[in-house]
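Understanding the architecture of this molecule
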Amino acid sequence: LILFAFSPPPPLLRQIKKQQQDVLGFLEANKIEFEEKDIAANEENRKWMRENVPEDSRPASGNPLPPRLFNDSRYLGDYEAFFEARENNAVYAFLGLTAPPGSKVGVYISHSKP
């Protein structure tokens with residue numbers, strides 16, 4: 001699992017930082033192995049993330065902002081998709097992982113943008 005993160009300039013700093021911490025906290029609390037890639041400190045990471053976010057998941061203007069989640073090179077989604085999956089007890093399905101025994105398991109249904 002790959003999580004792309006960065007330290008953005010204000011005013012986005014608080015919102016993005018909170019979202020990144022929310023994702024990181026969940027992954028760490030549930031002992032889900034992941035690799036965090038900082039796009040602010042590494043141009044290659046930034047380029048890879050931007051090139052691998054599908055067109056239909058990009059903002060109308062500008063570049064896609066983190067956090068963005070990938071399972072290897074497969075794009076999973078942004079924070080809103082992660083949050084929706086978590087609210088529906090479907091994070092493991094969203095991440096493409098098998099849920100541990102005894103966990104609540106929901107079905108993740110992707111909602112693509114119109």
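Structure first, text after, so check above.
In this report, the structure presented in the accompanying data block is examined. (Residues numbered from 1 in each chain as written. Predicted model: local features only at pLDDT ≥ 70, side-chain atom pairs only at ≥ 80, totals over all residues. Heavy atoms only, no water.)

So, the environment of Asn42
Here Asn42 is to be found in the loop between strand 2 (35-38) and helix 2 (43-52). Since its relative accessible area comes to 30%, Asn42 is described here as partly exposed. Only 2.9 Å separates the side chain of Asn42 from the backbone nitrogen of Asn45, close enough to count as a polar contact. (Helix = DSSP H or I, 4+ residues; strand = E, 2+ residues; numbered from the N terminus. Buried < 20%, exposed > 50% of the residue type's maximum accessible area, 1.4 Å probe, protein only. Polar contact = N/O pair within 3.5 Å; in protein donor to acceptor, adjacent residues only side chain to side chain.)

Considerations on the pattern of salt bridges
What the rule picks out here adds up to four salt bridges. Among the salt bridges present, the one from Glu35 reaches Lys37, with a minimum N-O distance of 3.5 Å. On the basis of relative accessibility, which here comes to 41%, the residue Glu35 falls in the partly exposed class. Its salt-bridge partner being Arg46, residue Glu43 comes within 2.4 Å of it at the nearest N-O pair. Of the two residues, Glu43 and Arg46 are both situated in helix 2; the distance of three residues between them amounts to about one turn of the helix. (Salt bridge = Lys/Arg side-chain N within 4 Å of Asp/Glu carboxyl O.)

Notes on the nonpolar core
Grouped together as the largest cluster of nonpolar side chains are 17 residues, with contacts concentrated most on Val23, Leu27, Ile32, Leu69, Phe82, Phe94 and Leu95. Once residues within four sequence positions are removed from consideration, Leu27 is found in contact with Leu1, Ile32, Phe34 and Leu95. Ile39, Met49, Phe70 and Tyr75 belong to the second-largest nonpolar core, a separate cluster that totals five residues. (Core = buried A, V, L, I, M, F, W, Y, C linked by side-chain atoms within 4.5 Å. Contact = heavy atoms within 4.5 Å.)

Re the side chain of Asp78
Looking at where Asp78 falls in the secondary structure, it is placed in strand 4 (residues 74-78). One buried charge, Asp78, has no salt-bridge partner; the nearest side chain with opposite charge is Arg68, at 4.4 Å. A polar contact of 3.0 Å, which involves the side chain of Asp78, links it to the backbone nitrogen of Ala81. Among all residues touching Asp78, those that are not within four sequence positions of it are Pro67, Arg68, Leu69 and Phe94. (Lys, Arg positive; Asp, Glu negative; His and termini not counted.)

Focus: the pairing of strand 3 (residues 68-71)
What you see with strand 3 is no split at all: Arg68 and Phe70 on one side and Leu69 and Asn71 on the other are buried throughout. Examined bridge by bridge, strand 3 and strand 4 share four bridges and lie antiparallel to one another. Paired with Arg68 across the strands is Asp78, a residue of strand 4. Linking strand 3 to strand 4, which pair antiparallel, is a turn of two residues; within it Asp72 sits at a positive phi near 60°. (Pairing = 2+ DSSP bridges.)

Honestly, that's just the spatial picture; any functional story needs more than this.
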